[in-house]
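Geometric and topological summary
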Amino acid sequence: MNLKVNAKLDPNFQPLSLVCREMRENTTENGQDIVIAVERNKGYTSTYKTRIYKDNTGHDEENFRFVERIAKSLLWVAGGYKIIIAGSEVVGNKIKEAYTDGGLRDFDVHFMERVYEQKFEVEVCSLEIAPKDKSAAAPIGRHLDGCRIGFDAGGSDRKVSAVINGESVYSEEVVWFPKTNSDPNYHYEGIKEAMKTAASHMPRVDAIGVSSAGVYVDNRIMVASLFLKVSDEDFDKKVKNMYLDVAKEIGENIPIEVANDGDVTALAGAMDLEDDSVLGIAMGTSEAGGYVDPQGNITGWLNELAFVPVDFCEEAMVDEWSGDYGCGVKYFSQDGVIKLAPFAGIELDEKLSPAEKLKVVQGLMKEGDERAAAIYDTIGAYFGYAIAYYAEFYDIKHVLIMGRVTSGEGGVILLERAQEVLDTEFPELSKQIKLHIPDENSRRVGQSVAAASLPKIN
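A short tour of the structure in this document, coming up. These figures come from a predicted structure and were not determined experimentally.

**Points about the sheet that holds strand β4 (residues 121–125)**
Taking strand neighbours across the sheet as the criterion, the 4 strands line up as β2-β1-β3-β4 in an open arrangement whose pairing is mixed. Of all the strands in the sheet, the pair left with one neighbour each is β2 (45–53) and β4. Each adjacent strand pair in this sheet contributes to an overall mean axis angle of 20°, direction not counted. Relative to strand β3 (residues 82–86), strand β1 (residues 31–39) is paired through 5 bridges, and the arrangement is antiparallel.

Listed below in C-alpha cells is the structure:
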C-alpha cells in the first residue's frame, strides 16, 4: 500500500480509507455487491453498500477481514444489536461466527447487548431483501424558545445554565467527583441541586436539556463512565432513569432530552457555524465523537469513535479494553501520543500517569523539540486518512477538533498534516470538508445553550 503522505513514525500504518478505495477499484471486473447493515432500537437501521471479490474465488479470507472491519465500524458509529449481511453467505456466516459469545468480537457483542437490552444477532440474507436506511426523523436541538435548563455533566465539574429565549441568564460550574463515588444518591443530589439552582433564576421551566458523557437510549443512561463505581444492581435500579427522575422533581410533564456530550458539542459547533453536517472529535483521555446531520439533527447514533478501527494493519496496537487492534483510541488520544513517544526517541517515566506523560511531550513541543513535532506530524497523517474513512459513514462539511491533545503548537502541526492528506489523497473531500479548532470559551458557553436547546416544548 503506497501512502502519498507517510505517517512518519509508523511505517506499517494501513489506512482503512485506502483499503476501502482499493477494494472498490480491485473488484470492478470480478466483484459482487454487498450490503452491511446494523439495526438498533425502534428498528432504526444504518446501511453501507460496497463491493467485494466474488465468493469462492480464493479471496474469502480477504473479503471477511474487510467486511468485518466495516461491520465493526458501522456498529460503533451508528450502534445496534443486530448486524445484517446481504449479498454473501460465505462472509455472512464468518461474521456470524465472529460476533458470538466467546467469539472474535465478544466485547462488542456484550457491550451492545447492555446498551440495547437485546440479545445480539447476525442475520444473513440475499441482496434482493437487503435492508434500507431507517432513521430517527424527529429533529433534536436548536429550539431556543421559552425558559430552559441546560445541564452538562462532566467527569470533574458539572455546568448548568438558565436559558431564556436562547440567552443564558445564569451559568455556574461546580466541581464534583462522580467517577469515584459508588453511592448513586451523590450523583442524584448533585444533578438535582444544579437544576434547581438554574430553575430559581427563571419565572418557570419549560424544558430541560442534558449533555452527558456516555450512551443514552430514549433518554435513559445505558453506559456512562460518570457512574464507574456504582454497582450493577444500583445502576439498574437507580441510575438508568436518573435524569428522567430528576426532571419530575423540577416539575410535572417537563419535556427532557438527554444526549451524548459529543453530539451536543457538534450541535454547539453547528449553531456557531450556522451550518450542518458537522463531525466533532475530541482527543483527550480517549477519542470522543459527535455528529449533526445534513438536516441539522442529532441522529441518535453512538458515535463511539474510540472503538472504530482506522488502521488495517494486524500488528497495530491493541486496545486493552476491547481487545481489538487499530482502533481510534490508540491514535487520537493521549494514548496515541504515548504510543509514538519511543519511536520518536522520547523516553517517558513509567511512573507518570498518562496525562502527565502527555504534558511532558507538550512541554518538549513548546521548546521546539523536533522529536515531539514528529509525534504530532504522525497523528496528523493518521487523522487525515481517518477523516476520509469517517466520510464513508458520515456526510461531512465541517470537522471540529477539540481536546487536550490538540492544544498548543502540536495541534497546529496535526491539522496541517491532516489537511495535506486530504489535499493530496482525497482532493474531492478536501474541497468539501473544512477543519476547525473552536476556541474554548465559545465552546463552553455554547455547550450549555446547545444542551438547553435539545427538547421541543410541547
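Still more to cover.
**A short note on the side chain of S212**
Within the secondary structure layout, S212 lies in strand β8 (residues 207–212). Side-chain polar atoms of S212 contact the side chain of Y243, separated by 3.0 Å.

**Focus: the sheet that holds strand β15 (residues 434–436)**
Within the open sheet, the 4 strands sit side by side as β13-β12-β14-β15. Their pairing is mixed. Strand pairing shows two members of the sheet lacking a second neighbour, β13 (287–292) and β15, which therefore form its edges. The average angle at which neighbouring strand axes cross in this sheet is 20°, direction not considered. Bridging between strand β14 (residues 398–402) and β15 involves 3 bridges; their strand directions are parallel. Bridge assignment links L400 to a residue of β15, and that residue is H436. Each of β12 (278–283), β13, β14 and β15 touches helix α8 (residues 261–273); the most contacted strand, β13, lies at about 50° to it.

**Focus: helix α11 (residues 370–390)**
With 21 residues, α11 should reach 30 Å at 1.5 Å per residue; the first-to-last C-alpha distance of 30 Å fits that figure. The N-cap residue of α11 is D369: its side-chain oxygen and the backbone nitrogen of R371 are 2.8 Å apart.

Rules and cut-offs
Residues numbered from 1 in each chain as written. Predicted model: local features only at pLDDT ≥ 70, side-chain atom pairs only at ≥ 80, totals over all residues. Heavy atoms only, no water. Pairing = 2+ DSSP bridges. Helix = DSSP H or I, 4+ residues; strand = E, 2+ residues; numbered from the N terminus. Axes fitted to C-alpha atoms, helices over the stretch in contact; angles between N-to-C directions. Polar contact = N/O pair within 3.5 Å; in protein donor to acceptor, adjacent residues only side chain to side chain. Contact = heavy atoms within 4.5 Å. Expected span 1.5 Å × (residues − 1).

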